[in-house]
Structures are given as C-alpha cells and as structure tokens.
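# Descriptive structure summary
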Amino acid sequence: MNAPFAAPAIDPALVEALRALLGSRLSLSESDRAQHGRDESRHTPRLPDAVCRPHTTEEVSAIVKLCAAHGTPVIAYGVGSSLEGALIPVKGGVSIDMNEMNAILEVRSQDLDVTVQAGVTRKQLNAHLRDTGLFFPIDPGADASIGGMAATRASGTNAVRYGTMRENVLSLTVVLADGRIIRTRSRARKSAAGYDLTGLFVGSEGTLGIITEVTVRLYGIPEVMAAAICAFPSVEAAVDTVIQTIQMGIPVSRVELLDDNAISAVNAYSKLSLPVTPTLFFEFAGSQAGVEEQAAIVEEIAKGEGATNWRWSADADERNRLWQARHDIHWAIRAANPGKQGFGTDVCVPISSLAEVIRGVREDTRQQPFNTTLVGHVGDGNFHFGFQIDPESPEEIRAAEEAYDKMVAHAVRVGGTCTGEHGVGLGKRKYMRMEYGDAVDVMHLVKNALDPQGILNPGKVLPD
C-alpha cells in the first residue's frame, strides 16, 4: 500500500528553529517523509510532516523542546521493522530518525555490559564485540536497532535461554516529553532504590519518552553450539515435546516450531526435501559434554512423542543447513502465496497451556478462506499464525480480524498476552482492556503524567 501524499502541516516557525539546530539533517522531502511513514505492518502509512536526524541526546532534547513548544507530535524511528504500526505518525508531526546516533559508547568486558546509542543495530554490536569473546543474544529476526528493540520490548528465537529485552536492559538514557534528560538507573546488577523506571520505558513504544542510549547485558560466546531438527506426526506431539523439555529444565537455546504448511513452503522456496509434517528446530549451547547430553535427552523425549528423522550437528555449516528452513520462512511464505498480504499474529501463553491454545486456534482457522502457517518460538510459549489474505478482499480481511480476536481471547483466557514480542502499536490497542482491565486506567495516568500534551507517539499502545 502506498503512503498517501500530504503536504507538510508543520508550523513554519518550528521548521525555521529545527533547521537552525540541524541544518541539512532536517528534511521535508516527500520521499524522505514517505520512508518514515510506513513500517513492515499491514497498517495504512501516514507521512510525518518533517524528518530530523540528530547525533546526540542533547540534540534530541532540543528537538523535543521545540516540538513541545508548538504542540507538535514526535515519533522516534529506528530501522522501520515494526510489525504493528508502532512508528506510523497517525497525527503527523516530526519523525526523529535515530540511525545516525549509532556510536558504541563503552564496552565493559569485565562487567559484561555495553552502552550504545539507540541507533546501533544488533548486528553492528555483535560485529564490534567479535574479538571480545562476548555477544548480545537478543535476536528478533530483523537487524533492528537496540533503541527500537528496547522500546518494543523485543525478544525472538533466543528468548527461551537469554530472556527478552526486559531482562537484558540495565539502564536507559531517555528524553522526556518536555525535553528533560534522565537516566533510569545505575549499572549495578541489582538495586532496591526507587521505582523501576527502566522497566517502565522498556516496552513503552516511544509513548512515554524517547530512548537515546541503552546499556545492555552481554554474554560469553558458548564453547560449542549444536542444532537438531526432527519431524512429528502432529503439532500436539511437537508441542508436548517442548513442554517436557522445558519442564525438565534442559537449557536449550532455541526451540522453533513450523507446521506442515510452513515446511511445504520452505521446501519449495529453498529446494529442500524435509518431511511435510510439523517440525521442531533446536539449538543447544555449552560445553561439548553438556551439549551432547542435552541433545540426547531431548532426542529421547521427542522419540517418545513419535518424532522421526532426528538429525543433529555441532558443525557450523551443517548447523546452518539444519536451520535453513527456519531462516527462510518469511520469504518462503510470501513466495508460496503470490498476490497475498501477510496478516501477522503474535500471542504468548504459559507453557502448560501451549498445546490447548494452538489446538483451539487451528480449529478456529480450519475453515477460513485463506491459507495459514504456524511458526512459533514455542520454548517460551510464543507463537504466530500467519494468515495470507487478499488485501483487496473485505471478506478475507474481516475473517482474519475475527480469527485473530478469537486467538487473543484464547490466550488471555489461560493467562497469556495479546503480544509476546511485536508490541501493541496500532493493531493491538483494542485488546489492552481485555488483557489488563482497570489497569489500563493506571497506564493512562502514567501517560498523562509524563506526556500531558500527548505529543509522544500519539495513538499507540493505549486505547482511547
């Protein structure tokens, strides 16, 4: 869908002040604004009125102060990989592009942490860390910015072992709605001092403040990494294998599930010949002996659930080949459904309820007029049903929305959430009251206290 053209509605006095501050790093061009008015979601683009590219926290503060003085919305922009419309400027305003704030400020190897500017991407960070023996494990798939990952509380395939951004952000530097600059906490690994401001801003999607610097945990690169893949007679058997693995405390690094539709798409796209049946992908990390022991236990569990075609390897090239299907899934599904648009979903449930909820969603979608694929980071209870819909069909769009409503209802009923990792953005605001009840009113109190003008990423996260 093309972004609709709209002439900038920004106050000329604000433009003049921003240009004096930033020079050529202020843009009003239609092409630049169009780039900053869309993301990877299905939501309708909307152009911002201007794009700013700061280099320092102090410049972000100055931009926000100017926008606050003119009552102009401010939206932080990372790399544009949001899947829920979190960065679409629904009320216009100024998009603050953080990509030129991409300095790695300080690596503290002995403390296992690093401080970066918000525009540093995860691949950039890990390339910088390569010779230290350390790495940053949070992998949401896209080469997202660290600031954007903190703002959306991102996670991904490694979350079962290393947690999400919530567990891995130690401290933030944040610009508030009035331009004040705060640091949310010290670098100490624990503290009993004051409110948890770090936790408040992680996952706030730019609605409470703009993250400009992030201090995150680092981890030692494991001695050995191994991958395994196995096929199952049913999704339920695969999920039961995951539940037993997690409940036994086996420290797997990743557990990914693809259903038969997903495997069929990958076979065609990547010229593979995997059995077209629900399939689990595992990754193990640790010492040689530890990895071999983990793999042997999981293999025994899997075969007890009817698994076949068990393959595993610690060789890097073979490990990559075993994981090829999972890495190719996004493009494979697109290739298998030409002319269709992906309607992504994202719920997370307690691990004990995983099989029940997946079974319910499969029943709800069995008779739908569109193709579905199941992909899940099932080790932490997070899974995605992809609906491949005709974007020109109101009937298919309505059917997908109704199916997703039921999916979220299933998740919330068992104590789960409407979003495990994509965030709320535009698409999931309507579910917040279902999940949180009167706690949403408390969230509004926090929002109004920190952003009384409502200029920080308006229209996101909280329902009206």
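A brief look at the structure comes next.

So, how was this worked out
Throughout, residues of each chain are indexed from 1 in the direction in which the sequence is written. In keeping with the predicted nature of the model, local features appear solely for residues at pLDDT of at least 70, side-chain atom pairs appear and are counted solely at 80 or more, and the whole-chain, interface and lining totals rest on all residues. By convention in this description, side-chain values take in all heavy atoms of the structure and omit both hydrogens and water. By definition here, a salt bridge exists when the distance from a side-chain nitrogen of Lys or Arg to a carboxyl oxygen of Asp or Glu is within 4 Å. Partly exposed residues are those whose accessible area sits between 20% and 50% of the maximum for their type, while under 20% is buried and over 50% is exposed, using a 1.4 Å probe and protein chains only. Put simply, a patch holds well-exposed residues, over 30% relative accessible area, that have no salt bridge, with like charges counted together within 9 Å and Val, Leu, Ile, Met, Phe, Trp or Tyr side chains within 5 Å. Only the protein chains shown count as cover for residues, with accessible areas throughout obtained via the Shrake-Rupley method and a probe of 1.4 Å. To qualify as a helix, a DSSP run of H or I must reach at least 4 residues; to qualify as a strand, a run of E must reach at least 2; elements of each kind are numbered from the N terminus. DSSP bridges decide pairing: two strands pair if at least two such bridges lie between them. Aromatic rings from Phe, Tyr and Trp, with only the six-membered ring used for Trp, were paired whenever their centres fell within 6.5 Å, and each pair was classed as stacked if the ring planes differed by under 30 degrees, edge-to-face if by over 60, and tilted otherwise. Either the NZ atom of lysine or the CZ atom of arginine qualifies as a charge over a ring when it sits within 6 Å of the ring centre and within 35 degrees of the ring normal.

All chains considered together, the criterion is met by 28 salt bridges. For the salt bridge of aspartate 451 with lysine 447, the shortest nitrogen-to-oxygen distance reads 2.7 Å. The two residues aspartate 451 and lysine 447 agree in class, both being buried. Connected through shared salt-bridge partners, Glu106, Arg108, Asp111, Asp113 and Arg187 make up one network.

Taken together, the side chains of Tyr195, Leu197 and Leu200 present a nonpolar region at the surface, about 330 Å² in accessible area. Its location among the elements puts leucine 200 in helix α8 (residues 197-201).

Moving on: the pairing of strand β8 (residues 169-175). With respect to burial, β8 is a largely interior element, seven of its seven residues being buried. Taken together, the six bridges between β8 and strand β10 (residues 210-217) define a ladder with antiparallel strand orientation. Its bridge partner being in β10, valine 175 is matched across the sheet by isoleucine 210. In this structure, β8 lies alongside strand β9 (residues 181-183), joined through three bridges in antiparallel fashion. For threonine 173, the partnering residue across the bridge sits in β9 and is arginine 183. A loop of five residues connects β8 with β9, the two strands running antiparallel in sequence, and glycine 179 in this loop sits at a positive phi of about 95 degrees.

With the rule as written, the count across this model stands at 10 aromatic pairs. Ring plane angle 10 degrees and centroid distance 5.9 Å describe the contact between phenylalanine 282 and phenylalanine 284, whose orientation is recorded as stacked. For the pair phenylalanine 343 and phenylalanine 387, a centre-to-centre distance of 5.8 Å together with 25 degrees between the ring planes defines the contact as stacked. One end of the pair, phenylalanine 343, is in strand β16 (residues 341-343); the other, phenylalanine 387, is in strand β19 (residues 382-389), and 44 residues separate them in sequence. For the pair formed by phenylalanine 343 and phenylalanine 387, the shared burial category is buried. Pairwise contacts between aromatic rings join Phe343, Phe370, Phe387, Tyr404 and Tyr431 into one cluster. Across from the ring centre of phenylalanine 343, 3.8 Å away, lies the NZ or CZ of arginine 42, which sits over that ring. Taking NZ or CZ as reference, arginine 254 lies 5.5 Å from the ring centre of tryptophan 323, over its face.

This next bit is on the environment of glycine 339. Following the sequence through the fold, glycine 339 ends up in the loop between α14 (329-336) and β16. Residue glycine 339 is classed as exposed on the basis of its relative accessible area, which comes to 67%. Sequence separation of glycine 339 and glutamine 388 is 49 residues, and the distance between their C-alpha atoms is 9.2 Å.

A few words now on unusual backbone geometry. Its identity as a non-glycine residue notwithstanding, lysine 271 has a phi of 55 degrees, on the positive side. With respect to the element layout, lysine 271 can be found in the loop between α10 (260-270) and β14 (279-286). Despite not being glycine, valine 461 shows a phi value in the positive range, around 70 degrees. With respect to the helices and strands, valine 461 occurs in the segment after α18 (439-450). Its relative accessible area of 11% is what places valine 461 among the buried residues.

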